[in-house]
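What the coordinates show
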Amino acid sequence: MVARITCPHCGFSAEERMPDDACLFFYECKQCAAILKPLPGDCCVFCSYGDQKCPPKQTFFSLTFNDDRNRSQT
Ligand SMILES: [Zn+2]
């Protein structure tokens, strides 16, 4: 999958390939060389600065949801 990351510092955006099974924690802007990191609560730079959420985040949410349900039942 490919997502467009927009740099919050200079506004430059670039298309980057998203790994299917991993989160990208650091991304260097190709224009201003700023190192982007995920915002609090986000797992990767695609979730914070990209136009798409990363695929692993969907899996993470479903796992968390199931875990909460199991806990409330006991
Ligand atoms: Zn930048």
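1. Considering the environment of Cys 7
You can see Cys 7 is positioned in the loop between strand 1 (2–6) and strand 2 (13–17). Cys 7 gets classed as partly exposed once you count the C-beta atoms within 10 Å, which come to 19. Sequence separation of Cys 7 and Gln 31 is 24 residues, and the distance between their C-alpha atoms is 8.8 Å.

2. Comments concerning the nonpolar core
Residues Ile 5, Met 18, Leu 24, Tyr 27, Cys 29, Leu 36, Cys 44, Val 45, Phe 46, Tyr 49 and Cys 54 constitute the largest nonpolar core, which totals 11 residues. In terms of residue count, helix 1 (residues 45–49) provides more of this core than any other element does, 3 residues in total.

3. Side note on the pairing of strand 2
One ladder, built from 5 bridges, connects strand 1 with strand 2; its direction is antiparallel. Along strand 2, the bridge assignment pairs Ala 3 with Glu 16. The loop that links strand 1 with its antiparallel partner strand 2 comprises 6 residues; one of these, Gly 11, has a positive phi angle of about 80 degrees.

4. Details of the confidence of the model for the chain
Confidence in the prediction for the chain averages 82 pLDDT; 74% of positions are at 70 or higher. The secondary structure element of the chain with the lowest average pLDDT is helix 2 (residues 55–73), at 56, and the one with the highest is strand 4 (residues 35–36), at 96.

Calculation notes
- Residues numbered from 1 in each chain as written.
- Predicted model: local features only at pLDDT ≥ 70, side-chain atom pairs only at ≥ 80, totals over all residues.
- Helix = DSSP H or I, 4+ residues; strand = E, 2+ residues; numbered from the N terminus.
- Buried ≥ 20, exposed ≤ 12 C-beta atoms within 10 Å, placed from the backbone.
- Core = buried A, V, L, I, M, F, W, Y, C linked by C-beta atoms within 7 Å.
- Pairing = 2+ DSSP bridges.
- pLDDT = per-residue confidence, 0-100.

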